Each structure stands twice: as C-alpha cells, then as structure tokens.
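# An overview of the molecular structure
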Amino acid sequence: MVISLNNADHQNEEDPGSYNDNSQGLYSLLNSKTNIEACKSFLHDDNSRIVEKHSLYVSQGEFSIIDFATTHSISWIGTDGATTCHAVVLLGDNAVAVTHIDSPSSVDNVFASILEEMDGGVFSVFIVGGFTDEEHSAPISKKLYRYFRNSPNEFSINLWCTLDQKLNFFS
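Read on for an overview of the structure. All of these numbers come straight from a predicted model, not from anything done at the bench.

Procedures and definitions
- Residues numbered from 1 in each chain as written.
- Predicted model: local features only at pLDDT ≥ 70, side-chain atom pairs only at ≥ 80, totals over all residues.
- Heavy atoms only, no water.
- Helix = DSSP H or I, 4+ residues; strand = E, 2+ residues; numbered from the N terminus.
- Buried < 20%, exposed > 50% of the residue type's maximum accessible area, 1.4 Å probe, protein only.
- Contact = heavy atoms within 4.5 Å.
- Areas by Shrake-Rupley, 256 points an atom, 1.4 Å probe, with all protein chains shown as cover.
- Polar contact = N/O pair within 3.5 Å; in protein donor to acceptor, adjacent residues only side chain to side chain.
- Pairing = 2+ DSSP bridges.
- Phe/Tyr/Trp six-rings, centres within 6.5 Å; stacked < 30°, edge-to-face > 60°.

With that out of the way, let us pick up the overall build of the protein chain. When its secondary structure is counted, the protein chain shows 5 helices and 9 strands. Of the regular secondary structure in the protein chain, the N- to C-terminal order runs β-β-α-α-β-β-β-β-β-α-β-α-β-α. Put simply, the protein chain has 171 residues, and 41% of those count as buried. For the protein chain, restricting intrachain contacts to residue pairs at least 6 apart in sequence, the fraction spanning at least 24 positions comes to 70%. For the protein chain, the exposed area adds up to about 8900 Å²; of that, 48% sits on carbon and sulfur atoms.

Right, let's talk about the environment of Ala87 for a bit. Position of Ala87 relative to the elements: it lies in strand β6 (residues 86-91). Judged by relative accessible area, Ala87 falls into the buried class, the value being 16%. In this structure, the C-alpha to C-alpha distance between Ala87 and Ile127, residues 40 residues apart in sequence, is 5.6 Å. Not counting residues within four places of it along the chain, the set of residues in contact with Ala87 comprises Thr79, Ala82, Thr99, Phe126, Ile127 and Val128.

Residue placement: Thr162 occurs in strand β9 (residues 154-162). A polar side-chain atom of Thr162 sits 3.3 Å from a polar atom in the side chain of Ser141. In terms of polar contacts, Thr162 uses its side chain to reach the side chain of Trp160, at 3.0 Å. Setting aside chain neighbours within four positions, we find Thr162 in contact with Leu30, His86, Ile127, Val128, Gly129, Gly130 and Ser141.

It is worth spelling out the pairing of strand β7 (residues 95-101) at this point. With 7 of its 7 residues buried, β7 lies for the most part within the structure. By the alternation rule, side chains of β7 split into Ala95, Ala97, Thr99 and Ile101 and Val96, Val98 and His100, which are all buried. In this sheet, β7 lies alongside strand β4 (residues 63-67) in antiparallel orientation, the contact comprising 5 bridges. Within β7, the position partnered with Ser64 by the bridge is Val98. Taken together, β6 and the strand that follows it, β7, pair antiparallel across an intervening segment of 3 residues.

For any pair of aromatic rings, geometry is given as the distance between the ring centres together with the angle between the planes. Counted under the stated rule, the structure contains 6 aromatic pairs. Judged by centre distance (6.4 Å) and plane angle (85 degrees), the ring pair of Phe148 and Trp160 falls under edge-to-face. Note that Phe148 is positioned in helix α4 (residues 137-150) and Trp160 in strand β9, a separation of 12 residues in sequence. Trp160 gets classed as buried once you look at its relative accessible area, which sits at 0%.

What follows concerns the environment of Gly61. Within the element layout of this structure, Gly61 appears in the loop between β3 (55-57) and β4. Given the relative accessible area of 42%, Gly61 is considered partly exposed. On a C-alpha basis, the gap between Gly61 and Ile101 in space is 5.6 Å, while along the polypeptide they are 40 residues apart. Setting aside residues up to four positions removed in sequence, Gly61 forms contacts with His100 and Asp102.

Following this line, the structure appears as structure tokens:
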C-alpha cells in the first residue's frame, strides 16, 4: 500500500535497501528532511517522564491496544530499553496500539493481530529505537518498512527515529 511522510510517497520502492548506502526506500524515508526534523524534535523533548497514574507500559515482545470508546483512563503509553528493539505506536481513528518489537520474525504476527482489532483508515506511525547495527536493528527496520509498504492498509509515518538518526543527532 502507501507509506507517506508528509506527502512524500514511498509506495513504489522495490527494495528497502540498507540504511547506510544510497539505495531508495527505507534509506530515503529515514533521511528525508521531514523525518530528520521530527527526530530532532522528539530527541529534544523530555521523553523520560514516568507517570504512574493513567499509564500503559508494554515490555519487550508485547503489544497492547487502547480502544478510545471503552478506555478513558489511559493518558500515557510507552515502553523502554529499545536498544536494538523498536518501539512502535500506531494511531488510528478509534484506537492506539503500542508494541515493543524485538525481532523481525515477530513483525507480521504482531501487526496482523493489532490491525485485526483496529478499524481501517490511515494509521499514523511513530517508531523509535534501534541503534546503528546491521546485525540486529537494521533487519527490524527493514522488516517494518516492508510490512507497511506491502500491507493493504495505509500508513502515514510521523516519526521514524531509528538507526543513524539517533546517533547523528548526538554526534
């Protein structure tokens, strides 16, 4: 389907490529000016707030979905320790999901389960985690990119702060 980042269309990319070369796909999405600015803004914010009340936390390998119609008490969602893992938030019209992806092999099943519970439409996507690491982090980013690109659903990438974006910001 379509992956968009502020109207930058990434639906025709055949290969997500490597995050450290000049190939199209994932590399162009990660290094787009819009995404780099979103990462800088995110990394400048104090995202370390711990809120005990009205919070939902998922651990590595878990996911959770909050239905807006039935859940009114959750104000904060999150996870931590996504060193090579990727924290992913999907925001739909009627629900929000958060997951802590720790392996490329879990992507298909996790998102099939999440999307089965969430209504269709355009899903806003926020991804954080995974340092520059060809062995662990890059395969997760590539698998996520392929999943979003090949899904019949439509995804709007609002933040993809993984791999080089995190390290370049602090160097």
